[in-house]
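Analysis of the macromolecular model
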Amino acid sequence: AQKLHSQGSIVSTDNSLDLAIDGGGFFQVLLPDGQIVFTRNGAFSRNQEGILTTNSGFIIQPEIAIPAEATKINVSSDGIISVQIPGQVDAQEIGQLQLADFQNRTGLQPIGENFYVESTASGPPILEVPFNAGFGKIVQGSLEASNVNVVQELVDMIETQRAYEVSSKSITAVDEMMQFISRNL
């Protein structure tokens, strides 16, 4: 089955650590074994040390530490993360997200949990800051929904079901004719 890496619709969640990519690119995630994997799932949180992680606790690359006392987290469309610290007038820049993209996205290997790894087919990752060089922009407080078109899938399913019903009715009709013939001969 081919993975479709087309844009899903972007849904607002009002959680400042939910980040959607509008356009091309993947977030980079460091697994405990030192492997870098790629995902478009931007439902992030902070671990005990304040490091930005995926929901399952894996650290986003490059590593970004959010101060515990930060009251407001702001992520710009080009991935610059700044926070408001009580007692300080200006927001403080604490890091910048970086996205990865590939010559051939369909060549990425899915490894579960919405994570992908590079393969010889995908080619090596091309790294860039968001909203630059054709990469997607970051939309804060939103997540990308599935790119599956539910309506189309439903229509296809109903058509398949109807075709099945027609087939099974014709089988029943043939059965009844055969019974009729065998009884009346």
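A short tour of the structure in this document, coming up.

Cut-offs and rules
- Residues numbered from 1 in each chain as written.
- Predicted model: local features only at pLDDT ≥ 70, side-chain atom pairs only at ≥ 80, totals over all residues.
- Heavy atoms only, no water.
- Core = buried A, V, L, I, M, F, W, Y, C linked by side-chain atoms within 4.5 Å.
- Buried < 20%, exposed > 50% of the residue type's maximum accessible area, 1.4 Å probe, protein only.
- Helix = DSSP H or I, 4+ residues; strand = E, 2+ residues; numbered from the N terminus.
- Contact = heavy atoms within 4.5 Å.
- Salt bridge = Lys/Arg side-chain N within 4 Å of Asp/Glu carboxyl O.
- Phe/Tyr/Trp six-rings, centres within 6.5 Å; stacked < 30°, edge-to-face > 60°.
- Patch = residues over 30% accessible without salt bridge, like charges linked within 9 Å, V, L, I, M, F, W, Y side chains within 5 Å.
- Areas by Shrake-Rupley, 256 points an atom, 1.4 Å probe, with all protein chains shown as cover.

The next subject is the nonpolar core. Ranked by size, the top nonpolar core spans 25 residues in total, and within it Leu19, Phe27, Leu52, Ile66, Ile81, Leu97 and Ile138 carry the most contacts. Elements supplying a minimum of two residues to this core: β2 (19–22), β3 (26–30), β8 (72–75), β9 (80–84) and β13 (115–117). With residues near it in sequence (within four places) discarded, Leu52 still touches Leu17, Phe44, Ser45, Phe58, Ile59, Ile60, Ile64, Ile66, Ile81 and Leu97. Membership of the second largest hydrophobic core comes to six residues, among which are Phe26, Ala100, Phe102 and Leu108.

Backbone torsion omega between Gln61 and Pro62 reads -15°, so that peptide bond is classified as cis. As for its placement among the helices and strands, Pro62 is situated in the loop between β7 (59–61) and β8. Positive phi values are uncommon outside glycine, yet Asp14 reaches one of about 65°. Residue position: Asp14 is located in the loop between β1 (10–12) and β2. A relative accessible area of 74% means that Asp14 is categorised as exposed. In this structure, Phe131 is a non-glycine residue whose phi angle is positive, near 60°.

All told, the structure shown has four salt bridges when counted by the stated rule. Note that Asp22 and Lys137 form a salt bridge whose closest N and O atoms lie 3.7 Å from each other. Placement of Asp22 in strand β2 and of Lys137 in strand β15 (residues 137–140) is noted, with a sequence separation of 115 residues between them. Residue classification places Asp22 among the partly exposed residues on the basis of a relative accessible area of 33%. On the accessibility criterion, Lys137 (28% relative accessible area) is partly exposed. Note that Arg162 is salt-bridged to Glu165, the shortest N-O span being 3.8 Å.

Tallied over the entire structure, the rule returns five aromatic pairs. Both rings, one in Phe26 and one in Tyr116, keep their centres 6.2 Å apart while their planes meet at 65°; by these two values the pair is edge-to-face. In this pair, Phe26 is assigned in strand β3 and Tyr116 in strand β13, connecting sequence segments 90 residues apart. Accessibility classification places Phe26 together with Tyr116 in one group, the buried group. Measuring from ring centre to ring centre gives 4.9 Å for Phe38 and Phe102, while their planes differ by 80°; the resulting arrangement is edge-to-face. Linking Phe38 in strand β4 (residues 36–39) with Phe102 in the loop between β11 (99–101) and β12 (109–112), this pair joins segments that are 64 residues apart in sequence. There is no split in this pair, since Phe38 and Phe102 are both buried. Site record: aromatic cluster; members linked through ring pairs are Phe26, Phe38, Phe102 and Tyr116.

Together, Val174, Met177, Met178, Phe180, Ile181 and Leu185 make up an exposed nonpolar region whose accessible area comes to about 680 Å². The topology assignment puts Ile181 in helix α1 (residues 150–184).

On the secondary structure map, Gln61 appears in strand β7. The residues touching Gln61, leaving out its near neighbours within four places in the chain, are Gln28, Val29, Leu30, Ile36 and Gln98.

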